[in-house]
Every structure is written in C-alpha cells, then in structure tokens.
Amino acid sequence: MVAGEPSGDTYGAQVIHRLRERDPELYFFGIGGREMERAGVKLLGRCEEMAVVGIVEAVGKLPKVIKVWRRLKRAIELLKPKLSILIDYPGFNLRLARELKGRGVPVLYYVSPQLWAWWPQRAKEFRKGIDQLAVILPFEVDFFRRYGIEATFVGHPQREVIKEAPSRGEARRLLGVQPGERVIGLFPGSREGELKRHIGPMVGAVKILREQVPGLRFFLALASGLEPPRLDPVGIEVLQGEALKVMAASDLLLAASGTVTLQGALMGIPMVVIYRVNPLSYWLGKRIVRVSFISLPNLLLGEGLLPELIQQDVSPWRIATEAKGLLLDQERRERIREGFRRIRELLPEGAPDRVADMAIKLMEG
C-alpha cells in the first residue's frame, strides 16, 4: 500500500482497519505515515518526507523519492504481494502501477489522480497500469469512462474522518470560547512549504481583523510534525494535531486549498480559500491546469461559492476583506451552508468498506 500524502495516509489506514476485520492475517507494507503505521503497515518510506506541491518544489525531493523507490522495489521482489493498493500520489504511483502489473500483482488504485484538472490525455496511459479504480468524486466516473476506464464511485473517506470531530458546543468548551465570541480557524496547510508561504499573510489578516471586528478568537491548526512558527504577539492560539476540534469550534476558516476545504464544507463552516506556490510552479501550472476553481467545494458545485485567493492575491488586506464580508453577511453565509448541504448529498459515507470489498475480490481472483 502506498500513500504519499497525509490525507492518503488517513484513507489508507481506514481501509486497513476494514480489511483486518475481514482477514486478521493480512500483512501490509509500503509507504505511508503515522496513521498507516499505527494500523500495522511496515513502512519503507514516510509520506511526511515525500509530500510536495509544485513542479519546482518536487525537484528537491527526487533523491529521497528515488531511494524509497528502490527500497520498495526490492521488497516487492522479495515478498511477492497478492495485491497493491495505491492511493493518489500520481507521480510515483502511476509508474509503480506499471511495475506491479509487469510482475503480475493486481493494482487497486484508490483516490484517482486529478487528470481531469491537469492532463486528461494521460488517462489512456493510466488505463494500462490498473485493474480497478475507486474514485471519491462522482463526476470522475464519467471522465474515466470517456477513456475506456471503468471507475467505481465509492463515496468520500472524509465522511468517516469528520465523524471523529466533537460537536460545536463541546469544541468551544474545550477551547475556552466564551458566549458571544466568534472563532476564526487558521489552516495554512499540512506541508512545511505551505506553512511558510501562507502563515505571513494569515497573521497580517488577523491583525487587521482584530482592529475591525470585536469579539474574535483566532486558533491556528498546525499539522502534526510541523515546527510551530514564530508569531508576532497578535493573540493567535496554536493547537497542533487538533484540526477537527478547531474546525468544529469555528465560525469561519482561513484555509489553504486542499482536503481541509472539503472537511470544512462537510461540517458546514464558511471559509476563505487561499493558495500560493513557487512563482515558476504557478507559471507552469497555469499552462497545464484546466479547471476554473482550486477548492473542492467550488469544483463539486461548479460555481464560485467560496472566495478563492491565489498567488499575489494572497495578501493580508485581501484575506481580511473577504473574511470580514463572510463574517458579517448572514444571507451569504446561509447561501454557502445551502451549497454545503448539497455537497453532503453528493458524497455518501462508506468509502473504506467499499474499497475493502473491492480489495478482497481482487485477492480472491
């Protein structure tokens, strides 16, 4: 099993737990993070060391990735697995899928790469390396069918993740939020590079909002494994590894584009979405990416329901302006919540169980 991103690590662990319920004797090895390790996977590489966003940023990771690739290939030769489950991470997993198929190992690809966004033609190549494809966004079924690939929509694994969140009342009690206070959750991203690029504009926006809107509390949800940033004394409370608690307590999120935006949507919390990458990566990406929005809620709904700030627009003033608008405009907040209700209808629960069932059938031949 291979997951190269923190979210994939969570999704992989979910599937492992379901598979162990069906067959406690299964042995897992591959690449993942803390969640998959806790679930019993023998890790040959860690996703915390391999996750990256941006074409330019990926170059610096190549020596580490090559080392892990060779280690994994040797393990595949030795252990001769009955099945492989590859989770997203296309730059690595698409090549690995072809390697596994060449060795007669069935390939279940879970969480398809977003070829519909950046490289549709590569779907033809993708078809050669997989036996079954489990997708988590409903429109992906029709996309892959156009390229002769039968995909199974299994629901979205984030529906299981957010079940672990406390209630709004409990989260606010645990954080010491007083009646009448409004909470803004800061989610700068789960990778070190994202934190460095986003924390400065977010802190600047906090300073502006603190002056303009009374009764606000600010919590920074820092991903596990990241070094806490040095913050000016602006009253931001830092919580590490407690993203769901911060989210549940929040009235508004300032969030880097990624899985967190879908979590927020499923929990019904309005947000301002931001994203910055290396300027060269952005320049190259604009010539490849074929979608109108960067956040999953907007993509699923096909409309700009949430404000999105990209590259030079990620400034303290722009973030604060959008945040203030969402805080004070109750009619707009209700429109957003209605959109989020539609998203919950689009994404059913039960993804890990459906993927586990697919895996068992493949292993049984």
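Here the structure is shown first, and the text comes after it.
Residues numbered from 1 in each chain as written. Predicted model: local features only at pLDDT ≥ 70, side-chain atom pairs only at ≥ 80, totals over all residues. Heavy atoms only, no water.

Engineer: For the sheet that holds strand S11 (residues 252-256), give the residues involved together with the corresponding values.
Structural biologist: Across the sheet, 6 strands lie side by side as S10-S9-S8-S11-S12-S13; this open sheet has parallel pairing. The sheet is open, and its two borders are formed by strand S10 (236-240) and strand S13 (308-310), each paired with just one other strand. On average, each strand axis in the sheet is tilted by 20° relative to the strand beside it, whichever way the strands run. Relative to S13, strand S12 (residues 271-275) runs parallel, the two being bridged by 3 bridges. For Tyr275, the partnering residue across the bridge sits in S13 and is Ile310. (Pairing = 2+ DSSP bridges. Helix = DSSP H or I, 4+ residues; strand = E, 2+ residues; numbered from the N terminus. Axes fitted to C-alpha atoms, helices over the stretch in contact; angles between N-to-C directions.)

Engineer: Outline the environment of Gly304, supporting the account with residue identities and numerical values.
Structural biologist: For Gly304, the location among the structural elements is in the loop between helix H16 (296-301) and S13. C-alpha separation for the pair Gly304 and Ser292, spaced 12 residues apart in sequence, amounts to 8.8 Å.

Engineer: I'd like a description of the packing of aromatic side chains, backed by residues and values.
Structural biologist: Following the criterion strictly, the structure yields 5 aromatic pairs and no others. Aromatic side chains Phe143 and Tyr147 sit 5.3 Å apart centroid to centroid with 50° between the ring planes, which places their arrangement in the tilted category. Residue Phe143 is classed as buried on the basis of its relative accessible area of 5%. Its relative accessible area of 19% is what places Tyr147 among the buried residues. (Phe/Tyr/Trp six-rings, centres within 6.5 Å; stacked < 30°, edge-to-face > 60°. Buried < 20%, exposed > 50% of the residue type's maximum accessible area, 1.4 Å probe, protein only.)

Engineer: Got a sec to walk through the nonpolar core? Specific residues and values, please.
Structural biologist: Leu19, Ile85, Leu108, Tyr110, Ile184, Leu254 and Ile343 are the most contacted members of the largest nonpolar core, which has 91 residues in total. Those residues in contact with Ile184 that lie beyond four places of it in its chain are Leu209, Leu216, Arg217, Phe218, Phe219, Ser250, Leu252, Leu254 and Leu327. Residues Ala75, Leu100, Leu115 and Ala151 belong to the second largest nonpolar core, which totals 32 residues. (Core = buried A, V, L, I, M, F, W, Y, C linked by side-chain atoms within 4.5 Å. Contact = heavy atoms within 4.5 Å.)

Engineer: Describe empty space enclosed by the protein, and please don't skip the residues or the numbers.
Structural biologist: In the structure shown here, the tally under the stated rule is 1 cavity of 30 Å³ or more. Its volume calculated, the largest cavity comes out at about 40 Å³. Where the lining of the largest cavity is concerned, the elements lending two or more residues are helix H6 (90-102) and helix H8 (123-127). Sort the elements by how many residues they give to the lining of the largest cavity and H6 lands first, with 3 residues. Residue composition of the lining of the largest cavity, grouped by class: 3 nonpolar, 1 polar and 2 charged. (1 Å grid on protein atoms, 1.4 Å probe; cavity = no way out; pocket = protein on both sides within 12 Å on 5 of 7 lines; lining within 4 Å. Points joined across faces, edges and corners; volume = space filled by probe spheres on them. Nonpolar A, V, L, I, M, F, W, Y, C, P; charged D, E, K, R; others polar.)

Engineer: Lay out a nonpolar patch on the surface in plain terms, naming residues and giving numbers.
Structural biologist: There is a patch of nonpolar side chains on the surface, built from Tyr27, Leu78 and Leu79 and spanning about 360 Å² of accessible area. Considering the arrangement of structural elements, one finds Tyr27 in the loop between helix H1 (6-22) and strand S2 (29-32). (Patch = residues over 30% accessible without salt bridge, like charges linked within 9 Å, V, L, I, M, F, W, Y side chains within 5 Å. Areas by Shrake-Rupley, 256 points an atom, 1.4 Å probe, with all protein chains shown as cover. Salt bridge = Lys/Arg side-chain N within 4 Å of Asp/Glu carboxyl O.)

Engineer: Just give me the short version of the pattern of salt bridges, but keep the residues and values in it.
Structural biologist: Summed over all chains, the structure comprises 29 salt bridges. Note that Glu99 is salt-bridged to Lys73, the shortest N-O span being 3.9 Å. Separated by 26 residues along the polypeptide, Glu99 in helix H6 and Lys73 in helix H5 (residues 62-79) bring together distant segments of the chain. Since its relative accessible area comes to 31%, Lys73 is described here as partly exposed. The salt bridge involving Arg217 is made with Glu237; its shortest N-O contact spans 2.8 Å. Of the two residues, Arg217 is situated in strand S9 (residues 216-222) and Glu237 in strand S10; the sequence distance between them amounts to 20 residues. By relative accessible area, which is 15% here, Arg217 ends up buried.

Engineer: Any chance you could break down the pairing of strand S8 (residues 182-187) for me, citing the residues and the numbers?
Structural biologist: Here S8 lies mainly inside the structure; 5 of its 6 residues are buried. Sheet topology places S8 next to S9; 5 bridges connect them, and they run parallel. Note that in S9 the partner of Val183 across the bridge is Arg217.

Engineer: Go over the layout of surface pockets, please, and point to the residues and values.
Structural biologist: There is about 480 Å³ of room inside the second largest pocket. Of all the secondary structure elements, the ones that give two or more residues to the lining of the second largest pocket are S2, H5, strand S4 (84-87), H6 and helix H19 (351-364). Partitioning the lining of the second largest pocket into residue classes produces 18 nonpolar, 2 polar and 3 charged.

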